[in-house]
Structures are given as C-alpha cells and as structure tokens.
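# Survey of secondary and tertiary structure
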Amino acid sequence: MFENAQSSTNRNFSIPVMSARIRVSPSIRLLEVPMPTGYSGGMDIPDLKPELTFPRLGTLQSDIEFAFDAKRAAMGPHITVRWGWDESFQRNLHLQRFAEKPFFEIRKRDTRIGTLSFQVSPDHVRFGEFYLFPDFQKQGIGSQVLRHCLAISDELRLPVRLEHLHWSPVGSLYRRHGFEEIGQSEIHCFMERPVS
C-alpha cells in the first residue's frame, strides 16, 4: 500500500515515516502501514501528571487489537444505533485509520483506559480516535485529556481539527472546549478550534 519512506515537516517538527508490515489476522493477511518512526521537538504527547500517560501504540497485533477494542467499547453503541455493528467493516476501517495516523494509548497509572490520535500537519493539528472505555467515561478524564492536547496545540500555534458522528454526545464536549463547526457530511460534523 505504501512503499516509499515519506516525511512531513512542520516548523521545528520533523515527522519521518517509514513502511511497516502489520499482521492483521491469523489468515496471513498483511497490511503495509506507514508508521511514524519518531518525532523530534517533543511530538510525543507529554505525561499529564500526576497519573495520565500517553505511550505510542506500535505495530504489534496486541496494539492494533487494543485500539480496536477501545473504539468498539466507546463508539459501538453509537454506531449500532444507526447501522448495527458490522465487525468486518469496522475492523477494516480501523486498520485504515491505524495506517493513516499515529495512535497513542491513554493510560491512568498502570491501566490502559483508551486511545487518541494526535497528528501535526503544516497548518493544523488533527485530533481523533479519542475513545475511553465506558468505566472511565463521565469522570472528567476526557476533558482533562482534551485540554492537555489543546494546550500542546496552542504551544505549536496551530488550530485543531476533528470530526465526530452527528448523533454522538461527544460533540458537546468539543463545543465546550472552543470547537466550532466548519462543515459536515451526511454522517460527520467537522470542527475546528482556533489557537488560543
């Protein structure tokens, strides 16, 4: 799928990307995935002390499965309401997203509680794949994590863009943190939060 090494540069941030092979199922199917090999200039998400950390997810099957489990647990009910849950379709969509952007786990002390993606482009930061397992929702953790990522984006002097399903309650979280709608599709609301 991706054969050549690529790189993108943003101000003082160099984001090298290399091809990686990920085993996506026991049926010997392999997917070529461009994976960020390391970010200079602090592109890893810094810890949110005293208890939240954001380790980067790699290409191990266990990392891919963890990220998919987080999506299924957090988004499954909202997807099922409209279309039902098509496991094969959702898994393939997840693999596509995993190939397109860096994923981070959200860890509270030693417990893996969710995922997010944080990707710097020349003119904006792309925030997404923000899923907390249900046991960790409605405790203020989502707001903490979002504020942390917005502060990083402000330091970079870049606006933040994201998308969410129209009927997902997460839209109210984003509006409370300064996001405004900049477009929409049949199923998604596209939002941006300017630099503060």
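Worth saying up front: this structure is predicted, and the values here are computed from it rather than measured.

## Overview of the overall build of the chain
What the chain contains, in helices and strands, is 4 helices and 10 strands. The linear arrangement of helices and strands in the chain, starting from the amino end, is β-β-β-β-α-α-β-β-β-α-β-α-β-β. Looking at the chain as a whole, 46% of its 196 residues qualify as buried. Nonlocal contacts in the chain, meaning residues at least 24 apart in sequence, comprise 56% of its contacts between residues at least 6 apart.

## Considering the layout of surface pockets
In this structure, the largest pocket spans a volume of roughly 1,200 Å³. Forming the boundary of the largest pocket are 45 residues, of which Met75, Phe130, Tyr131, Ser168 and Val170 lie nearest the centre. Contributions of two or more residues to the lining of the largest pocket are made by helix H1 (61–83), helix H2 (87–100), strand E7 (125–132), helix H3 (141–156), strand E8 (160–165) and helix H4 (170–176). In terms of residue count, H1 provides more of the lining of the largest pocket than any other element does, 8 residues in total. Looking at the lining of the largest pocket residue by residue, the classes come out as 22 nonpolar, 14 polar and 9 charged.

## Points about the confidence of the model for the chain
For the chain, per-residue confidence averages 82 on the pLDDT scale, and residues scoring 70 or more make up 79% of the total. Of all the helices and strands in the chain, strand E1 (residues 6–10) carries the lowest mean pLDDT, 32, while strand E4 (residues 52–53) carries the highest, 98. Confidence over residues 1–42 falls short of pLDDT 50; this stretch has 90 contacts with residues more than four positions distant or in other chains.

## Examining H3
For H3, which comprises 16 residues, the first-to-last C-alpha distance of 23 Å matches the rise-based estimate of 22 Å (1.5 Å per residue) to within 8%. Those residues of H3 that fall on the buried side of the exposure criterion are Ile141, Gly142, Ser143, Val145, Leu146, His148, Cys149, Leu150, Ile152, Ser153, Asp154 and Leu156. Arg157 lies just past H3 and shows a positive phi near 60 degrees.

## Description of the pairing of strand E9 (residues 180–184)
Each regular strand carries side chains that alternate between the two faces of the sheet. Here E9 lies mainly on the outside; 0 of its 5 residues are buried. Where E9 meets strand E10 (residues 188–193), 4 bridges bridge the pair, whose relative direction is antiparallel. What sits directly across from Glu180, in E10, is Glu192. Linking E9 back to E10 in an antiparallel pair, the connection comprises 3 residues.

## Notes on the pattern of salt bridges
Under the definition given, this model contains 14 salt bridges. Between Asp44 and Arg56 there is a salt bridge whose closest N-O contact spans 2.0 Å. Remark: Arg56 occurs in the loop between E4 and H1 and Asp44 occurs in the loop between strand E3 (30–36) and E4; sequence separation between them is 12 residues. With a relative accessible area of 42%, Asp44 lands in the partly exposed category. Put simply, Arg97 and Glu100 hold a salt bridge, and the shortest N to O gap is 3.5 Å. Of this pair, Arg97 and Glu100 both sit in helix H2, 3 residues apart, roughly one helical turn. Using a relative accessible area of 23% as the deciding quantity, one classes Arg97 as partly exposed. By relative accessible area, which is 41% here, Glu100 ends up partly exposed. Counted as one network, the salt bridges with shared partners bring together Glu65, Asp69, Arg72, Glu87 and Arg91.

## Let's talk about the sheet that holds E4
One open sheet holds the 7 strands; their spatial order is E4-E5-E6-E7-E8-E10-E9, and the pairing between them is mixed. On the outer flanks of this sheet lie E4 and E9, each paired with one strand and no other. The pairing of E8 with E10 spans 6 bridges and is classified as antiparallel. When the sheet's bridge partners are listed, Leu162 is paired in E10 with Met191.

Procedures and definitions
- Residues numbered from 1 in each chain as written.
- Predicted model: local features only at pLDDT ≥ 70, side-chain atom pairs only at ≥ 80, totals over all residues.
- Heavy atoms only, no water.
- Helix = DSSP H or I, 4+ residues; strand = E, 2+ residues; numbered from the N terminus.
- Buried < 20%, exposed > 50% of the residue type's maximum accessible area, 1.4 Å probe, protein only.
- Contact = heavy atoms within 4.5 Å.
- 1 Å grid on protein atoms, 1.4 Å probe; cavity = no way out; pocket = protein on both sides within 12 Å on 5 of 7 lines; lining within 4 Å.
- Points joined across faces, edges and corners; volume = space filled by probe spheres on them.
- Nonpolar A, V, L, I, M, F, W, Y, C, P; charged D, E, K, R; others polar.
- pLDDT = per-residue confidence, 0-100.
- Expected span 1.5 Å × (residues − 1).
- Pairing = 2+ DSSP bridges.
- Salt bridge = Lys/Arg side-chain N within 4 Å of Asp/Glu carboxyl O.

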